[in-house]
Amino acid sequence: MRKWICLCLALLSLVGCQSSQNTVEEETTNNTASMDSFDDTYYNIVKFEDSQLREDFYVDYGSTSDFTSIGRGLQILSSQYFSTSDYYMSEGQYLKLALKQEMVGRDGDNSLQPSSGTTIADIPDPTMVQSIMEQDFWEKSGDKYTLAGASFVIVLDPRDKNNACLDTPMDNQSILNYGYDCSEKLYNIIQSHEDFEKLKDLPVLITIYQATDLTESTVDGHYILKNYCDDSYGKNEQVNFETVLFTSARAKELDATTSNEFDIIKNNLKEASTEAAGLVGTARYQDNKIQSMVIEAHLNVKTATELMYLSSIIADGIDTRFSSEFDIKVLVYSQDELMTV
């Protein structure tokens, strides 16, 4: 059965977890989360220390679709090499903030930025790398977790030498070419830097993500490259990730069945609503196959009963209409206030 999360008329709450003491490559902790309520593309998650990069990542991407698509997309790509049935996943434990700042800076032996004097696509001294993120994978035996590998993503978002947005976006081929260079540089750093001592003899997946170009879109960030390295630097492979709006001409062209099903749900909602109602979907595709969709419903309700009624119309439509298997999240707004998730 398709899993979608989660229709409830409730307040959103934050739950904190206490981190356990990090040792080396073998860990013990009781802080685990089962993903049994999700499909088999999700990892069971084990919590050790919080990543030192979490605050920077939130500041950079907390307000864009990249916040979800970077982390979730890295899980999906990683599952091709680290099975979700055999491995646990945690936040990155080894890429520290100081090294990350050196990588995205212009100076230093471990910089991933173009060296001074470099011109790319007629842009002198561009700033190419905006962020780096790590996820770790563990094998469990008894109550102990042994480090088995890691995945990294380098986020490319070309800007000028002052890190200001470009007047004209850099072409995709130039970004891809730079991704090839960054991938190999990062692999060499993993093999040589003391912070990665526990990783250098383990398999790692290195990926490249092209960030959303906010001058043209709010949802077009996507993975473009991956390289699985086991004992040596591996083979670069292009990745086919795409974000599609529903409804749109591209949605009908790429996935006519899901597009038609979405239109039926949308029309049923409008017919059931006393006042204006809108439904917009943002779907993630990998290799032309839908992986997930976030649906936003914008209503004008006057009572809690009306809210529950229209929310149930959406929920029933999702349960009965969509024929493909994918993750769905629904956000229901009324007068621009979030009412239901």
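Scroll up for the structure.
Heads up: these notes are all about the structure in this document. All values reported here derive from a predicted model rather than from experimental measurement.

## Side note on the overall build of the protein
Turning to step 1, where the next piece is worked out: Of regular secondary structure, the protein possesses seven helices and 16 strands.
Turning to step 2, where the next piece is worked out: The C-alpha extent of the protein, read off along each of the three principal axes, is 65 × 55 × 30 Å.
Turning to step 3, where the next piece is worked out: Counting all 341 residues of the protein, 47% fall into the buried class.
Turning to step 4, where the next piece is worked out: Sequence-distant contacts, at least 24 apart, represent 66% of the contacts inside the protein between residues at least 6 apart.
Turning to step 5, where the next piece is worked out: Counting every atom, the protein has about 17,100 Å² of accessible surface; 47% of that belongs to carbon and sulfur.
Turning to step 6, where the next piece is worked out: The centroid of the 26 positive side-chain charges in the protein is displaced by 3 Å from the centroid of its 55 negative side-chain charges.

## A few points about the nonpolar core
Turning to step 1, where the next piece is worked out: Judged by nonpolar contacts, the single largest core of 39 residues is most densely connected at Met 103, Val 129, Phe 152 and Phe 196.
Turning to step 2, where the next piece is worked out: Those elements that provide at least two residues to this core are α3 (97-104), β7 (127-141), β8 (144-159), α4 (172-192), β9 (204-210) and β10 (222-229).
Turning to step 3, where the next piece is worked out: Core analysis: the next-biggest nonpolar cluster, separate from the first, contains 26 residues, Ala 251, Leu 269, Leu 299 and Ile 328 among them.

## Describing the packing of aromatic side chains
Turning to step 1, where the next piece is worked out: For the coordinates displayed, the defined rule picks out 17 aromatic pairs.
Turning to step 2, where the next piece is worked out: Taking the centre distance of 5.2 Å and the plane angle of 80° together, the rings of Tyr 88 and Tyr 145 count as edge-to-face. Pair noted here: Tyr 88 is in strand β4 (residues 88-91) and Tyr 145 is in strand β8, with a separation of 57 residues, a long-range link.
Turning to step 3, where the next piece is worked out: For Tyr 145, a relative accessible area of 1% corresponds to the buried category.
Turning to step 4, where the next piece is worked out: Judged by centre distance (5.6 Å) and plane angle (50°), the ring pair of Tyr 187 and Tyr 233 falls under tilted. One end of the pair, Tyr 187, is in helix α4; the other, Tyr 233, is in the loop between β10 and β11 (236-238), and 46 residues separate them in sequence.
Turning to step 5, where the next piece is worked out: On the basis of relative accessible area, Tyr 187 is assigned to the buried category, the value being 9%.
Turning to step 6, where the next piece is worked out: Residue classification places Tyr 233 among the partly exposed residues on the basis of a relative accessible area of 23%.
Turning to step 7, where the next piece is worked out: Aromatic ring contacts, followed pair by pair, group Tyr 43, Tyr 81, Phe 82, Tyr 87, Phe 137 and Tyr 228 into a single cluster.
Turning to step 8, where the next piece is worked out: Positioned over the ring face of Tyr 42 is Arg 72, at 3.6 Å from the centre of the ring.

## Description of the pairing of strand β13 (residues 278-286)
Turning to step 1, where the next piece is worked out: Note: strand β12 (residues 241-246) against β13, six bridges, orientation antiparallel. Paired with Phe 246 across the bridge in β13 is Gly 281.
Turning to step 2, where the next piece is worked out: Judged from the nine bridges that link them, β13 and strand β14 (residues 289-299) form a sheet pairing that is antiparallel. In the strand pairing of β14, Gly 281 is matched with Ile 295.
Turning to step 3, where the next piece is worked out: Counted along the chain from β13 to the antiparallel partner β14, the turn is two residues long, and its residue Asp 287 has a positive phi close to 50°.

## Regarding the sheet that holds strand β16 (residues 337-340)
Turning to step 1, where the next piece is worked out: Strand order in this open sheet of five strands is β12-β13-β14-β15-β16, and the pairing throughout is mixed. Looking at strand neighbours, the two that pair on one side only are β12 and β16, the edges of this open sheet. Sheet twist, expressed as the mean angle between neighbouring strand axes with direction ignored, is 25°.

## Looking at a nonpolar patch on the surface
Turning to step 1, where the next piece is worked out: Taken together, the side chains of Tyr 58, Val 59 and Phe 67 define a hydrophobic patch exposed on the protein surface, amounting to about 340 Å² of accessible area.
Turning to step 2, where the next piece is worked out: Here Tyr 58 shows up in helix α1 (residues 54-61).
Turning to step 3, where the next piece is worked out: The exposure class assigned to Tyr 58 is exposed, which follows from its relative accessible area of 53%.

## Concerning the pattern of salt bridges
Turning to step 1, where the next piece is worked out: Enumeration according to the criterion identifies nine salt bridges in this entry.
Turning to step 2, where the next piece is worked out: A salt bridge links Glu 253 to Arg 250; the shortest N-O distance between them is 3.2 Å. With Glu 253 and Arg 250 both in helix α5 (residues 249-254) and three residues apart, the pair spans about one turn of that helix.
Turning to step 3, where the next piece is worked out: Looking at Glu 253, the relative accessible area reads 61%, which means it is exposed.
Turning to step 4, where the next piece is worked out: One continuous salt-bridge network, built from bridges that share partners, spans Glu 242, Arg 250 and Glu 253.

## A few points about the side chain of Asp 213
Turning to step 1, where the next piece is worked out: Tracing the sequence through the fold places Asp 213 in the loop between β9 and β10.
Turning to step 2, where the next piece is worked out: Ignoring any residue separated from it by four or fewer positions in sequence, one finds Asp 213 in contact with Pro 169 and Asp 220.

## With respect to the environment of Gly 117
Turning to step 1, where the next piece is worked out: Summarising the element assignment, Gly 117 is placed in the loop between α3 and β5 (119-120).
Turning to step 2, where the next piece is worked out: The class for Gly 117 is exposed, based on a relative accessible area of 68%.
Turning to step 3, where the next piece is worked out: In this structure the C-alpha to C-alpha distance between Gly 117 and Thr 257, which are 140 residues apart in sequence, comes to 50 Å.

What counts and what doesn't
- Residues numbered from 1 in each chain as written.
- Predicted model: local features only at pLDDT ≥ 70, side-chain atom pairs only at ≥ 80, totals over all residues.
- Heavy atoms only, no water.
- Helix = DSSP H or I, 4+ residues; strand = E, 2+ residues; numbered from the N terminus.
- Buried < 20%, exposed > 50% of the residue type's maximum accessible area, 1.4 Å probe, protein only.
- Contact = heavy atoms within 4.5 Å.
- Areas by Shrake-Rupley, 256 points an atom, 1.4 Å probe, with all protein chains shown as cover.
- Lys, Arg positive; Asp, Glu negative; His and termini not counted.
- Charge placed at Lys NZ, Arg CZ, Asp CG, Glu CD.
- Core = buried A, V, L, I, M, F, W, Y, C linked by side-chain atoms within 4.5 Å.
- Phe/Tyr/Trp six-rings, centres within 6.5 Å; stacked < 30°, edge-to-face > 60°.
- Lys NZ or Arg CZ within 6 Å of the ring centre and 35° of its normal.
- Pairing = 2+ DSSP bridges.
- Axes fitted to C-alpha atoms, helices over the stretch in contact; angles between N-to-C directions.
- Patch = residues over 30% accessible without salt bridge, like charges linked within 9 Å, V, L, I, M, F, W, Y side chains within 5 Å.
- Salt bridge = Lys/Arg side-chain N within 4 Å of Asp/Glu carboxyl O.

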